[in-house]
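Take a look at the letters that make up each chain.
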Amino acid sequence: MDQPFFNLIFSKDWRPLSGHFGLFPFIISSLWVTILALIIAGPICLFSAIHLTQYAKTYVLKIMHPVIDILAGLPSVIFGVWGVVIVVPFVSEHIAPLFGKQTSGYTIMSGGIVLAIMIIPFVLNILIEVFKSIPEELTEVTLSLGATRWMVIKNILMRKAYPGIVSAFGLGLSRAFGETIAVLMVVGNVTLIPHGALQPGYPLPALIANNYGEMLSIPMYDSALMFAAFVLLIIVILFNFISRMVIHRMFKTM
Amino acid sequence: MKRSKLRNAEELFFRGVMIISTSVIGFALFLILWSIIKRGLPALSWEMLTQTPKGGFYFGKEGGIANAIVGSLYLASGATLLAMIIGIPVSLYMNVNLHKRKKLVNSIRFLLDVMWGIPSIVYGAFGFTFMIYFGMQSSLLAGIITVTLFIIPIMIRSIDEVLVSVPNGLMEASYSLGSTRSETSYKVFFRQCISGVTTAVLLSFGRAIGDAASVLFTTGYTDHMPTSLSQPTATLPLAIFFQMSSPIAEVKERAYASALILTLIILFISIVSRIISSKYQKNKIKL
C-alpha cells in the first residue's frame, strides 16, 4: 500500500475508500485562501502601521491599542460564526453578482475575508515593531532637509523596513495557512480544484479536522491525514523560519 | 510651485488611505462584536448557562451548555497551570542564569517564536498520535496536555518580554548582597514582573479556552458534566461549532448564544489583564 511521495502531493484523485489519497486539490485550495487573505490584509496592515507609528495622535492610539488586542484575542470559532452570519451572505448577495455569478456564499472568497481579518492584528503588531525599530534620526534628518512626511515614509522608511515588511507578510501567510475552524465553517468543503475565488474549496486543515472521526475505520486513511498534517507543519515552519530569521537579523543590525 | 502642489496632493491621498485602513480594522471588530451580540442576546437564557443537554437538545428541545462551559474552564485552567509550572522557571532561567550567553538565549527565543507559529491543528494531530500510542481514550487529560504544549511558547515568550526589561543593575545589586542565582530569580526578578506574568497567564488562558482545533481530536465531546480527567469532555468552541453546523434554527440560535458567552469570557479576560498591567506598572523599579 506504499505510495510514492509525488503521487500523494500531485494526484487529484481523492477516494479514501479505494485507497487513493491525492492531496493536490487541498493544497491548491489552501494556497488560494491564504494568498487571497494576504492580498486583502496586506495593504490594510501596511497603511495602518504607518498611520499608527507616524501620524496618529495619542487618542487614536488609545482607541486602537485595545481594538488590536481584543481582535487578536478573539477565538477562531467566533470569527467562524461571524463569517457565517455576515460574510457568507455578503459574498453571495453583493460580491458574486458583481462578477455575474451565483453562489451560496460558502466560497474561497468568504474564507479569504475571514482569514484576512484574523491575521490583521498579528501582522499589524509585527509591522508596528518593525517601523518602531527604525532610528528616528534618519527620518528627522530627511525632514529637516525639507522633505514632506510622506516623502520620508516612501523613500526612507519603506526602503529601510522592506525586509521587515516582507517577513511580516510571510508570518501572516503561515498563520493563515494553518487556521482551521474559522475557514472550515465558511469555505464550503468541496473536493475540487478551485479555478476562481468564487468557488468552494477544501483547505488542508479543514480536511484534517473534518475527517478525524472516520480515519481509523478506513485502512491507510489515518496515515494520509497525518501526512496532510505533516505537509502543513513543514510549510508553516519553513515560512516561519525564513521570516523570523530576517526579522531577527533586522533588529540586530539596528 | 506645481511640484510641491503635486506632493501635497500625494501626501493627502495616502493619508486618506491610511485613515481608511485604520478605520477598517476598528469597524471589523465592531461588526464582529455587534453581530455576535445581536444574534446571541435573544437566545441567551439562564437555562443555557446552568443545564446540561437533555434528550432532544440537538433538535431544539430544552437543555443548556453548562457541560461545555465547565469543561472549557477545567481544560483552560489545567493547561494554564501546567504551562505556568514549566514556563516561569524556563523564562527566569533564560534571563538570569543564561544572562551572559546572549547567543544561546536568542536561539531559544527564535525556536519558541517558530513554535508559536505552528498551527493548533498540528498540535492536535500530534496529541492524537500520542494518545493512540499510549492506548488512551480521548479525555480531559489528553486535551490538557495538548493545549499545554500549544500555549507553552506563548507563556514563555510573554514572560520573557517583561523580564528583558528588568534593569541589569538590579541583578548586580542582588548578587553583591550575596544572594544565589535562584534567590535572584524568584525573589527579585519574579517580583519585578508579577504584572507581566499575570498578563502572560491571562493571555495563555484566553488562547487555551478559545482554541478548537487542538481539542477536536484529543478531548472529544460528551453531554455529561466532566467529573474525571480520564473521560471525554465538552468544550465551548466545539459546542459552538457543532451547534452551528446544525440545520435546525433553534439549535443555531443557541450557537449564537454560546458564541456570545465565549466572547464575554474573552472580553472579561482582556479587561482584567489591562487593569492588572496598569495597576502594577507603578510598583516597578526603573533605573
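Because the structure is a prediction, the values reported are computed rather than measured. (Residues numbered from 1 in each chain as written. Chains lettered and ligands numbered in written order. Predicted model: local features only at pLDDT ≥ 70, side-chain atom pairs only at ≥ 80, totals over all residues.)

### Some points on the overall build of chain B
For step 1, the next point in the chain: Along its length, chain B carries twelve helices and zero strands.
For step 2, the next point in the chain: Starting at the N terminus, the α and β elements of chain B follow one another as α-α-α-α-α-α-α-α-α-α-α-α.
For step 3, the next point in the chain: With respect to the principal axes defined by its C-alpha atoms, chain B has extents near 70 × 70 × 35 Å.
For step 4, the next point in the chain: When contacts within chain B are restricted to residue pairs at least 6 apart in sequence, long-range pairs at least 24 apart make up 77% of them. (Helix = DSSP H or I, 4+ residues; strand = E, 2+ residues; numbered from the N terminus. Contact = placed C-beta atoms within 7 Å.)

### Here we look at the interface of chain A and chain B
For step 1, the next point in the chain: Contacts between chain A and chain B engage 52 residues on the former and 50 residues on the latter.
For step 2, the next point in the chain: Elements with a contribution of two residues or more to the side of chain A that touches chain B: α2 (24-55), α3 (58-73), α4 (76-98), α5 (108-132), α7 (149-178), α8 (181-186), α9 (204-211) and α10 (221-253) of chain A.

### Let's talk about the nonpolar core
For step 1, the next point in the chain: In this structure, Val81, Ile120, Val123 and Leu127 of chain A are the most contacted members of the largest nonpolar core, which totals 155 residues.
For step 2, the next point in the chain: When residues in this core are grouped by element, the largest group, 17 residues, is from α5 of chain A.
For step 3, the next point in the chain: Mapping this core onto the domain boundaries places at least three of its residues in each of domain 1 (2-43) and domain 2 (57-283) of chain B.
For step 4, the next point in the chain: The contacts of Ile120 of chain A, once residues within four sequence positions are left out, are Ala41, Ile44, Cys45 and Leu71 of chain A together with Ile25 of chain B. (Core = buried A, V, L, I, M, F, W, Y, C linked by C-beta atoms within 7 Å. Buried ≥ 20, exposed ≤ 12 C-beta atoms within 10 Å, placed from the backbone. Domains from an automatic or database assignment.)

### Remarks on the domain arrangement of chain B
Residue and element names in this part refer to chain B.
For step 1, the next point in the chain: Taken domain by domain, chain B holds domain 1 (2-43) and domain 2 (57-283).
For step 2, the next point in the chain: The straight-line distance from the C-alpha centre of domain 1 to that of domain 2 is 32 Å.
For step 3, the next point in the chain: Contacts between the two partners involve six residues from domain 1 and, on the opposite side, seven residues from domain 2.
For step 4, the next point in the chain: When grouped by side-chain class, the residues that make up the side of domain 1 that touches domain 2 number four nonpolar, one polar and one charged. (Nonpolar A, V, L, I, M, F, W, Y, C, P; charged D, E, K, R; others polar.)

### Quick notes on the packing of α3 of chain A against α5 of chain A
Residues and elements named next belong to chain A.
For step 1, the next point in the chain: The contact between α3 and α5 brings their axes to 8 Å, and the two run at 130°. One element, α3, and the other, α5, form an angle in the oblique class. As α3 runs across α5, the sense of the crossing is left-handed. Contacts between α3 and α5 involve Ile68, Leu71 and Ala72 on the former and, on the latter, Ile120, Pro121, Phe122, Leu124 and Asn125.
For step 2, the next point in the chain: Residue composition of the contact of α3 with α5, grouped by class: seven nonpolar, one polar and no charged. (Axes fitted to C-alpha atoms, helices over the stretch in contact; angles between N-to-C directions. Parallel < 35°, antiparallel > 145°, perpendicular 65-115°, else oblique. Left-handed = near helix turned anticlockwise from the far one by under 90°.)

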